[in-house]
Amino acid sequence: MKTALITGVTGQDGSYLAELLLQKGYAVHGLLRRASTENTSRIDHLSGRVTLHYGDVTDSLSVLNVVESVRPDELYNLAAQSHVYTSFAVPEYTAQADALGILRVLEAVRLPGLDCRIYQASTSELFGDAAQSPQNESTPFSPRSPYAIAKQYAYWTVRCYREAYGIFAVNGILFNHESERRSELFVTRKITKAAADFAFGRDEPLRLGNLDALRDWGYAPDYVECMWRMLQQNTPEDFVAATGEQHSVREFCRLAFARAGVDLRWQGEGLDAVGMDGKSGKILVTVDPAFYRPLEVSSLLGDAEKARRLLGWVPKVGFEELVNRMTDHDLSHKTRSKDAELFYKDS
Ligand code: NAP
Ligand code: F7E
């Protein structure tokens, strides 16, 4: 039986990865950070099957202790302050967790001389203001946020340790992937929650930022399969994971609202854009500059040909099915949610 350690096990990807590894017969361990609120809701259904260890990737001693006691065959470093906008508010903490976190993990494996394969959660945000489209493993980086800059340090640290010490460590350069477990602070879940809320009598419009942002959105369970495949190779290499399709925030909204029974019609541009109910003319979506970022990444599109060729990885869930799954999930939970990001911006 192989043993895996997942940092970020309580997050969207960590929860799906834990399920996948359990299915494959792994002994699964996770790093749990202490919070004053309950933070295990995504893995509560795995209780008793995943062994949790308190620790924090900003705390070297805890990382060393947990790695030393678990002695994993595979270590998936998913822990991060993963919200791009928030990284402008907490840039130093973001660097501690997202840049130096993997350094601590690599040293925790290197110092005791463990034989452990390491996956690092790299990101399409590295491409930022990319000069070419679509982006693949050879596209130059042009990061545009403290988050992306921290992840760039992490990316190069993985490559450095791989070449300097022969550690099997890889970067998965993953494009946006979403799910029913996505936090409501990300635009997709914010939209599907709101679309469902309108079906349950929500009155106030949904406030969004840049409606014209273009992303390559996939389904998270497909992407954790890709992570695992990267660690089963004979040689450590970095891979892009993406769908190869690009859609706008507007389009995401239109499909989610349609799934919830609303024919959303767009009018106007920029700050004046509104999304209206095609039947009643009621305004359901507005643009609020509070959700504009100090620097925006306006367009990302991935080319995952290398992953298809060498890993045999092809994402199964397409864009429309992704939107439908997320919206159906929120429609099936017949409670009105608080608008999480609204609270976060207004408070
Ligand atoms: P997520 O839902 O935000 O989960 C992040 C996880 O990291 C949570 O378990 C969180 O714990 C944990 N964490 C945060 N700070 C920590 C710290 N200092 N020490 C220990 N754990 C900490 O993110 P995700 O969407 O699953 O993404 C997983 C990873 O992939 C992240 O590194 C993200 O940056 C990267 N990534 C994500 C995407 C995407 O589209 N989802 C794309 C590319 C790369 P709490 O539950 O306690 O908050
Ligand atoms: O924004 C625009 C926003 O916050 C997507 C993380 O998993 O993927 C994620 O980062 C786009 C941006 O995700 C709102 O300006 C418009 O252009 O859902 P998001 P993200 O920033 O792409 C990458 C690959 C990661 O690595 C990250 O960890 O949507 N947008 N209006 C909005 N975004 C938010 N959050 N809220 C809005 O109201």
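Coordinates for the structure precede this section.
As a starting point, this report considers the structure included with it. (Residues numbered from 1 in each chain as written. Chains lettered and ligands numbered in written order. Predicted model: local features only at pLDDT ≥ 70, side-chain atom pairs only at ≥ 80, totals over all residues. Heavy atoms only, no water.)

Some words on the nonpolar core
- Within the largest apolar cluster, 75 residues are counted, with the highest numbers of intra-cluster contacts made by Ile6, Leu17, Leu21, Tyr76, Tyr119, Ile191 and Phe257.
- In terms of residue count, helix α7 (residues 220-230) provides more of this core than any other element does, seven residues in total.
- Not counting the four nearest positions on each side in its chain, Leu17 is found in contact with Ile6, Tyr76, Leu78, Val224 and Met227.
- Within the second largest apolar cluster, 23 residues are counted, among which are Val70, Ala79, Val105 and Leu114. (Core = buried A, V, L, I, M, F, W, Y, C linked by side-chain atoms within 4.5 Å. Buried < 20%, exposed > 50% of the residue type's maximum accessible area, 1.4 Å probe, protein only. Helix = DSSP H or I, 4+ residues; strand = E, 2+ residues; numbered from the N terminus. Contact = heavy atoms within 4.5 Å.)

Some remarks on the sheet that holds strand β6 (residues 169-174)
- Strand order in this open sheet of seven strands is β3-β2-β1-β4-β5-β6-β11, and the pairing throughout is parallel. At either end of the open sheet lies a strand with only one pairing partner, and these are β3 (50-54) and β11 (239-241). Between one strand axis and the next, the sheet turns through 25° on average, direction left out of account.
- Across four bridges, the pairing between strand β4 (residues 74-77) and strand β5 (residues 117-123) is parallel. Residue pairing in the sheet places Tyr76 in a bridge with Tyr119 of β5.
- Contacts from helix α4 (residues 91-110) reach β4, β5 and β6, with the element oriented near 175° to β5.
- α7 contacts β4, β5, β6 and β11 of the sheet and is inclined by roughly 155° relative to β6. (Pairing = 2+ DSSP bridges. Axes fitted to C-alpha atoms, helices over the stretch in contact; angles between N-to-C directions.)

Topic: the site of ligand 1
- Near ligand 1 there are 25 residues, and of these Thr10, Arg33, Asp56, Ser82 and Tyr147 occur at the shortest range.
- One nitrogen or oxygen atom from the side chain of Asn39 is found 3.0 Å from an oxygen atom belonging to ligand 1.
- Protein chains bury 90% of the 890 Å² of accessible surface belonging to ligand 1 in isolation.
- Listing elements by their share of the shell around ligand 1, those giving two or more residues are α1 (12-23), β5 and α5 (146-165).
- Broken down by element, the shell around ligand 1 gets its largest block of residues, three residues, from β5.
- Considered class by class, the residues forming the shell around ligand 1 number nine nonpolar, eleven polar and five charged. (Near = heavy atom within 4 Å. Polar contact = N/O pair within 3.5 Å; in protein donor to acceptor, adjacent residues only side chain to side chain. Areas by Shrake-Rupley, 256 points an atom, 1.4 Å probe, with all protein chains shown as cover. Nonpolar A, V, L, I, M, F, W, Y, C, P; charged D, E, K, R; others polar.)

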